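A structural walkthrough
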Protein chains: 6
Amino acid sequence: MRPSGREPSQMRAVTIERNAAMKAEGSCLVAFGDTKVLCTASVETTVPGWLRGKGKGWVTAEYGMLPRATGTRTRREAASGRQSGRTQEIQRLIGRSLRAVVDLEALGEVQITLDCDVLEADGGTRTAAITGAYVALADAIGWMEARQLTRGKVLRDSVAAISCGIYRGTPVLDLDYLEDVEAETDANFVMTGSGKFVEIQGTAEGAPFDRAELNSLMGLAEQGIGELTLMQKSALGA
Amino acid sequence: MRPSGREPSQMRAVTIERNAAMKAEGSCLVAFGDTKVLCTASVETTVPGWLRGKGKGWVTAEYGMLPRATGTRTRREAASGRQSGRTQEIQRLIGRSLRAVVDLEALGEVQITLDCDVLEADGGTRTAAITGAYVALADAIGWMEARQLTRGKVLRDSVAAISCGIYRGTPVLDLDYLEDVEAETDANFVMTGSGKFVEIQGTAEGAPFDRAELNSLMGLAEQGIGELTLMQKSALGA
Amino acid sequence: MRPSGREPSQMRAVTIERNAAMKAEGSCLVAFGDTKVLCTASVETTVPGWLRGKGKGWVTAEYGMLPRATGTRTRREAASGRQSGRTQEIQRLIGRSLRAVVDLEALGEVQITLDCDVLEADGGTRTAAITGAYVALADAIGWMEARQLTRGKVLRDSVAAISCGIYRGTPVLDLDYLEDVEAETDANFVMTGSGKFVEIQGTAEGAPFDRAELNSLMGLAEQGIGELTLMQKSALGA
Amino acid sequence: MRPSGREPSQMRAVTIERNAAMKAEGSCLVAFGDTKVLCTASVETTVPGWLRGKGKGWVTAEYGMLPRATGTRTRREAASGRQSGRTQEIQRLIGRSLRAVVDLEALGEVQITLDCDVLEADGGTRTAAITGAYVALADAIGWMEARQLTRGKVLRDSVAAISCGIYRGTPVLDLDYLEDVEAETDANFVMTGSGKFVEIQGTAEGAPFDRAELNSLMGLAEQGIGELTLMQKSALGA
Amino acid sequence: MRPSGREPSQMRAVTIERNAAMKAEGSCLVAFGDTKVLCTASVETTVPGWLRGKGKGWVTAEYGMLPRATGTRTRREAASGRQSGRTQEIQRLIGRSLRAVVDLEALGEVQITLDCDVLEADGGTRTAAITGAYVALADAIGWMEARQLTRGKVLRDSVAAISCGIYRGTPVLDLDYLEDVEAETDANFVMTGSGKFVEIQGTAEGAPFDRAELNSLMGLAEQGIGELTLMQKSALGA
Amino acid sequence: MRPSGREPSQMRAVTIERNAAMKAEGSCLVAFGDTKVLCTASVETTVPGWLRGKGKGWVTAEYGMLPRATGTRTRREAASGRQSGRTQEIQRLIGRSLRAVVDLEALGEVQITLDCDVLEADGGTRTAAITGAYVALADAIGWMEARQLTRGKVLRDSVAAISCGIYRGTPVLDLDYLEDVEAETDANFVMTGSGKFVEIQGTAEGAPFDRAELNSLMGLAEQGIGELTLMQKSALGA
């Protein structure tokens, strides 16, 4: 039995609210149950130094968590003077995931930065962030297209992410915080709308896992990504 | 004429939405027009080293701004590795303002941290933060009282803040961003519900100002703080 | 009774010794009683990036305190790796105060940095720093004029600063350290030689204050600034 | 054709030289072809604060690269003042991988730190590091056992790691640098000696991959880990 | 010919003004010509962690330079967030030099920190700092003795420092800035009042030097230290 | 008696193994007994800003120590976020020592960085580093000459370094760690192949020393440098 009473293959309620930040070129507030992430996409005309003059753009991400998104207050990274290893790992993952569906040449010499800030955390913040960041990115590219700033089709596919895990011996989809701290195995899947893998990260938190278990998790992930892809499409009105 | 069409003594629409963060002991989302600040109050049982064993508590604040709260993206302070002088100035001001109405001995050996994170910025973020932080603080103290964790009445008064300025020669209340960048004089007032001053910060951005002008600004501030105090009371159901 | 035996409206002995640093374009050693601040003005031909090519200059300030300016040793900020919030707040105030009397276009594309280093601290270091920094700045501009490096009259007025406070119920002028730690209200006033306000910062350290109290402090400040302005003029031989 | 002329399922020459650092409780120099990593294990009697008094130990890792391990000089992280996101990601992975086979209660209140310093880099530094770190760890535990410092069997299994990828359309084992920069998909597998998964990290660098491709990579990984496990055993003389 | 017109073995005018900082337990303002260093000694009852409970004290030093001590403004180390290698080298040298004449057991569990802040720099700041720091230290120990806080005689000898160099082929004593930048060889000598060496640092800035040259420099240093020792004694009224 | 049983004037076994890092333009692994330092020379085409366009090159050095080069683990400087004062002092010394024998104009606008990383530490790491760095530098310059990238003869002489000290009253050559911690006086000598001094650093760790003692140390150093110079020549096949 899952603490939330969900079925093993049941995701939490997911909502995607577009235009959540008035000033950004694209934005959304994404919720996976009680996990809430504000995603904004900022279009800037300066690319990183090593890309300058190459006719290509860049997509990157930053991740943060408000101090009281968590059950007890977490120290503010700006105050401690450095981003934790976990933060850096997550923001690198978000950036890689989005770049997998972007044609950087069609983007032109432009950088889009996705800021994913967790307002409330209840497990799965990185998967919610990727799923929401895609919507914010799509809106920012729409904003660019409306101004004829792109050089052809920028988005080759959509991208979303979901976690799966083995909780008390059973493979389950979309772990919440209570499940996450106790799961034997925890895996994050980033997949395209067309059902291919962009990134898999599976970790044995307790006992190592075998191929059969990994296969069950992959099956759950494929189902979950399918549902998220529909929600992204619906949010984007496509 | 104000860019927003407001009267000189007219504040922006102010809303205070309590319990905006599920996990905090107190919280609210405060809006002064398009400026939106999420304020959370965290009760912790460790006080700063220099207060330990003295039977007194502490109230402190941290302030942050999401990178895309602003018209163009602002660099994330966690990424740059330091909080700006402006950030530190504001969070010191918020902490001082709240401590002015708190009986630290009645609080007991407890620290309450107010996190004020700006989701959208349109001028007046520090005054909105103080006004909202008071509500979050009051809720956190209510939470403590319900658990009999206080030693008597903690809050001696309420506190709120408002900006005033001289815009194109006219004293106006509650500057928005467009007014703020152009105002000759900019002043922030922190006042108690009973109408006394906790902090005044007046700055001549353009021409220096005289006592008569300062007096007009004080009059506007008294009126604005009166309105904010009513809204705080109403939000707190008192 | 004030600890020093001074009358409520009596400032400490103020001295301004010009040319206190051989190598700076302008400098002075300013003393407000036992508070001593060395102020130097450095003329540099590089302006901040955002001002480049705009035909305007900049005036900025840095503030520091020698570790043993205080009764017990204070940690060296260079060793701790960051400037405190208090330091940043003060140096931003000094810069703003000086810019209020400078015509940045007449200055030309030049940056003047005022370094205010506290050799001995006995309360009022920021007000002494502003008062002395103006003299160092005036000398640096004189140095530029002698070399025909300015584009017209740079200084529109003089500027000085003084603290006032309510000490044991009485409004007093120019608080020393003993008064400062005990004052109910502490206010710093930055004013021009012509008697207008550039900056007011009033803080209730104990009980909140009312308009009548603030008015008494303003009266004292006007008197004190008047005296300081005469001393600045006399020091500058004008 | 692979640049090195290897068969798709052929690993590079792997050597493990024990006792490569005279002063460490355990150490080895591991080479995967031209990639060389010095791994040392340090036994210390202080555990992290959050573990103190719980009767359990900890295993952690740090990773570094000498500036000229690479084809062009890489900036020294000690000089730049921060460890990169990549470094933190790798050292977290090494620590997690080792802890998966360690009984932290049997270890007792002791921390073992694995330092993995890359002397030469030619792709696969993190997999070589994990494979070598296990040997250093086993030696450090042997050192503890010889002094009767453990509380029963500490190592539950062995652990090793290997990379696989899709290079020019073909799944290959143990990518070197030339293959790594060009591979469409790059995956790192951490597995136990008994053939179970501890961690899987698969990334589409170019085109997203499908389940069939992932299955080929898993097959290669199982074979490679089998070979590495034999080499670890042989090095440890077991 | 030396730029200053001095004879090769002629030091600059040296002055030592005791009690230059009102609040420190010992202090002096030392000048070697136009080089001026404010030295303060602070007695604190906490020793470094590794000395705690060992019945011994510690003497350490910190060094700083005001931004405009130099001909062009030097960046403030507190603002850049780190002390330069040069600063650290100098403050380590000052600490070592003073500890060479201190009986740390007689000092008791006390730390004395010498802060040496350069107000004006014209070459030889580290030698002036050591020479002045000794006087401040002696005064602080006198202050402790007057309160019976020491355990016997703390100072075993006096210590002073001087630079020598080969300038345009001639060995000269006490280089000023103009000589320093041009000298082929530059050496700093730290010696006790009884004429023994505590530290020698000789550097070939241009051509390497031979033993004969080093011997001439040692001769000059012995003479200079003799003169400085007399001045220290005279300042201390001994 | 020396702990190692060596004669007072006997150095440890010294070995210099060239081409120890495959990718560097020059490199060697130098051992002074159990002290082992990997030295690499990297040729880069960007010089420091202040040298740009002056037709001259630069030689600089960085120094590091692997955490477990020492008997107990030393904290990794990349993790603590700053290089210690000791590290900075040593890397400045290595750079100065090498520049003393380099014609920077013949080098052309090129920077050579010597990275000296201590793999095992048993005293004398800085002297081994200088001695080995010279060999790496010579190889890098050979590499440049083979590509006709220099403008004439770059190396004016060779350079090597050795420590001497007074150990239990006897002057000895090349201190190992056990001697180093106990020596009364410790001196490092950097000398050219032609027998001249580049740098002398002598420190009284216990009792101050006199000229006679310094002379004995110099005699030992001259002998030791003579031996090292022959080994460098032999390693370089010259």
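Every value quoted in this text rests on a predicted model; they were computed, and no experiment measured them. (Residues numbered from 1 in each chain as written. Chains lettered and ligands numbered in written order. Predicted model: local features only at pLDDT ≥ 70, side-chain atom pairs only at ≥ 80, totals over all residues. Heavy atoms only, no water.)

1. Considerations on the overall build of chain A
For chain A, the helix and strand inventory stands at six helices and nine strands. A globule of 238 residues ought to have a C-alpha radius of gyration of about 18 Å, and chain A, at 18 Å, matches this closely. Considering only C-alpha atoms, chain A reaches an extent of 50 × 40 × 30 Å along its principal axes. Across the 238 residues in chain A, those meeting the buried criterion constitute 61%. Partitioning the contacts of chain A with sequence separation of at least 6, the portion at a separation of at least 24 is 70%. Within chain A, one finds 27 positive and 31 negative side-chain charges whose respective centroids are separated by 6 Å. (Helix = DSSP H or I, 4+ residues; strand = E, 2+ residues; numbered from the N terminus. Rg over C-alpha atoms; globule rule 2.2 N^0.38 Å. Buried < 20%, exposed > 50% of the residue type's maximum accessible area, 1.4 Å probe, protein only. Contact = heavy atoms within 4.5 Å. Lys, Arg positive; Asp, Glu negative; His and termini not counted. Charge placed at Lys NZ, Arg CZ, Asp CG, Glu CD.)

2. Here's the deal with the side chain of Asp117(E)
By secondary structure assignment, the location of Asp117(E) is in strand E5 (residues 111-120). Side-chain polar atoms of Asp117(E) contact the side chain of Arg76(C), separated by 2.9 Å. Here Asp117(E) is in contact with Leu66(C), Pro67(C), Arg76(C), Lys36(E), Val37(E), Leu38(E) and Gly64(E), once residues within four sequence places are set aside. (Polar contact = N/O pair within 3.5 Å; in protein donor to acceptor, adjacent residues only side chain to side chain.)

3. Some details on the UniProt feature "domain: Exoribonuclease phosphorolytic" (unreviewed entry) in chain A
Residues and elements named next belong to chain A. This chain's UniProt record puts "domain: Exoribonuclease phosphorolytic" (unreviewed entry) on residues 10-140 and 158-223. Secondary structure content for residues 10-140 is 30% helix and 31% strand, and the end C-alpha separation is 31 Å. The annotated region residues 158-223 carries 26% helix and 44% strand content, and the separation between its end C-alpha atoms amounts to 15 Å. (UniProt positions renumbered as here; feature names shortened; annotations may be inferred.)

4. Some details on helix H6 (residues 211-235) of chain D
Residues and elements named next belong to chain D. When the terminal C-alpha atoms of H6 are compared, their 35 Å separation across 25 residues agrees well with the 36 Å that a helix rising 1.5 Å per residue should span. Looking at H6, one finds that the buried residues are Leu-214, Leu-217, Met-218, Leu-220, Ala-221, Gly-224, Ile-225, Leu-228, Thr-229, Gln-232 and Ala-235. Of the residues flanking the start of H6, the one acting as N-cap is Asp-210, its side-chain oxygen 3.2 Å from the backbone nitrogen of Ala-212. Just downstream of H6, Gly-237 is the residue with a positive phi angle, here 65°. (Expected span 1.5 Å × (residues − 1).)

5. Some remarks on the interface of chain A and chain B
Chain A puts 38 residues into the contact, and the matching count from chain B is 38 residues. Its largest share of buried area at the contact with chain B, chain A owes to Lys23(A), Arg68(A) and Arg73(A), together 27% of the area lost on that side. Across the chain A-chain B interface, the total number found is 12 salt bridges. With its nearest N and O atoms 3.1 Å apart, the salt bridge here joins Glu62(A) to Arg73(B). Summed over the shared surface of chain A and chain B, the number is 20 residue pairs in polar contact (both at pLDDT 80 or more). Looking at the side of chain A that touches chain B, the elements with two or more residues in it are strand E3 (35-44), strand E4 (58-65), helix H1 (77-80) and strand E5 (111-120) of chain A. Considered class by class, the residues forming the side of chain A that touches chain B number 16 nonpolar, eight polar and 14 charged. (Buried area = accessible area lost by both parts, 1.4 Å probe. Salt bridge = Lys/Arg side-chain N within 4 Å of Asp/Glu carboxyl O. Nonpolar A, V, L, I, M, F, W, Y, C, P; charged D, E, K, R; others polar.)

6. Notes on the packing of aromatic side chains
Applying the stated criterion across every chain, the model contains 18 aromatic pairs over all chains. Each ring, one from Trp50(D) and one from Trp58(D), has its centre 4.9 Å from the other, and the planes form 80°; the classification is edge-to-face. What links up through ring pairs into an aromatic cluster is the set Phe189(A), Phe197(A) and Phe209(D). (Phe/Tyr/Trp six-rings, centres within 6.5 Å; stacked < 30°, edge-to-face > 60°.)

7. Topic: the side chain of Thr35(E)
All names here are of chain E. By the element assignment, Thr-35 lies in strand E3 (residues 35-44). Relative accessible area serves as the criterion here: at 0%, Thr-35 is assigned to the buried category. A polar contact of 2.7 Å, which involves the side chain of Thr-35, links it to the backbone oxygen of Gly-123. Contact partners of Thr-35, with chain neighbours within four places excluded, come to Arg-12, Val-30, Glu-120, Ala-121, Asp-122, Gly-123, Gly-124, Thr-125 and Ala-128.

8. Considering the relation of the copies chain A and chain B
Mapping chain A onto chain B calls for a screw motion: a turn of 180° about the axis and a shift of 0.0 Å along it, with 0.0 Å RMSD after fitting. What we have between these two chains is a two-fold relation. When you check the interface residues of chain A against chain B, 100% turn up at the interface there too, and the contact is symmetric in its surfaces. (Least-squares fit on C-alpha atoms with pLDDT ≥ 70 in both.)

9. Section: the arrangement of the chains
In this view chain A stays clear of chain E, with the nearest C-alpha atoms of the two still 12 Å from each other. These two, chain B and chain F, are apart from each other, with no contact and a minimum C-alpha gap of 12 Å.

10. Description of a nonpolar patch on the surface
Residues and elements named next belong to chain A. Taken together, Tyr-177, Leu-178 and Val-181 make up a surface patch of nonpolar side chains, about 320 Å² in accessible area. The topology assignment puts Tyr-177 in helix H5 (residues 177-180). In this structure Tyr-177 comes out as partly exposed when scored by relative accessible area, which is 47%. (Patch = residues over 30% accessible without salt bridge, like charges linked within 9 Å, V, L, I, M, F, W, Y side chains within 5 Å. Areas by Shrake-Rupley, 256 points an atom, 1.4 Å probe, with all protein chains shown as cover.)

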